[in-house]
Amino acid sequence: KSRQMLDSWRFDTAITEILNGEELIDRFCRQCCSIVFMDSGLFKIKTIIPSKMTPIAYIREGEHIISQKMEFTKTEDIYNSFVFNYKYDYPNKKYSGVIVRDRKNDQECRNSYAVNGFERSKSAIDFQDIISENTANMLADVYTSLYARRRVFLDCGLIYNQEVID
């Protein structure tokens, strides 16, 4: 499934320093919207792109939720101005590709500014292993959507029961 979600994404890398495997896998995962986890002694990678995900279960209040607390993202964690660096030039140790997203050129950032009433810049985000402008833009879309919106967090206790129908 991860391969299908990222089929058009392109990466290119050079390992020029000593890294342990966990650091390297984490670096790649951050650049392809994925998480890594252990399952039965094996490393597994799951891609998480909210706009491409479908729910696997529906939770109904009163039937599955026994306690709940809903919170929104804190305003200090909202950003609507971004610089994304990509196409790392290893010999010169600098990025030659830059994408800027802010309220002047991005609808998500304009919406965030209109709703929240402020413009806040996020520290530059580096895509060290991405050389493709298209791939860098797709990842910038995900990061912009993630950081520019207030998200709802649900902290709850759940009742789990699996119903089997013959």
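Residues numbered from 1 in each chain as written. Predicted model: local features only at pLDDT ≥ 70, side-chain atom pairs only at ≥ 80, totals over all residues. Heavy atoms only, no water.

## Considerations on the confidence of the model for the chain
Then comes step 1: Overall, the prediction assigns the chain a mean pLDDT of 79, with 71% of residues at 70 or greater.
Then comes step 2: Helix H1 (residues 2-5) is the least confidently modelled element of the chain, averaging 49 in pLDDT, while strand S5 (residues 94-101) averages 97, the highest of any element. (pLDDT = per-residue confidence, 0-100. Helix = DSSP H or I, 4+ residues; strand = E, 2+ residues; numbered from the N terminus.)

## A few points about unusual backbone geometry
Then comes step 1: Despite not being glycine, Ser40 has its phi angle at roughly 55°, a positive value.
Then comes step 2: As for its placement among the helices and strands, Ser40 is situated in the loop between strand S1 (34-39) and strand S2 (42-47).
Then comes step 3: The class of Ser40 is exposed, set by a relative accessible area of 72%. (Buried < 20%, exposed > 50% of the residue type's maximum accessible area, 1.4 Å probe, protein only.)

## Some points on helix H3 (residues 107-116)
It helps to recall that an α-helix has 3.6 residues per turn; residues three or four apart then point in one direction.
Then comes step 1: Every buried residue of H3 is accounted for by Glu108, Cys109, Ser112 and Asn116. Down the axis of H3, the sector holding all buried residues measures 95°, keeping them to one side.
Then comes step 2: For H3, the elements touching its buried residues are strand S4 (82-89), S5 and helix H4 (133-148).
Then comes step 3: Looking at where H3 begins, the residue whose side-chain oxygen comes 3.0 Å from the main-chain nitrogen of Glu108 is Asp106.
Then comes step 4: Gly117 sits one or two positions beyond H3 and adopts a positive phi of about 80°. (Arc of directions from axis to C-beta. Contact = heavy atoms within 4.5 Å. Polar contact = N/O pair within 3.5 Å; in protein donor to acceptor, adjacent residues only side chain to side chain.)

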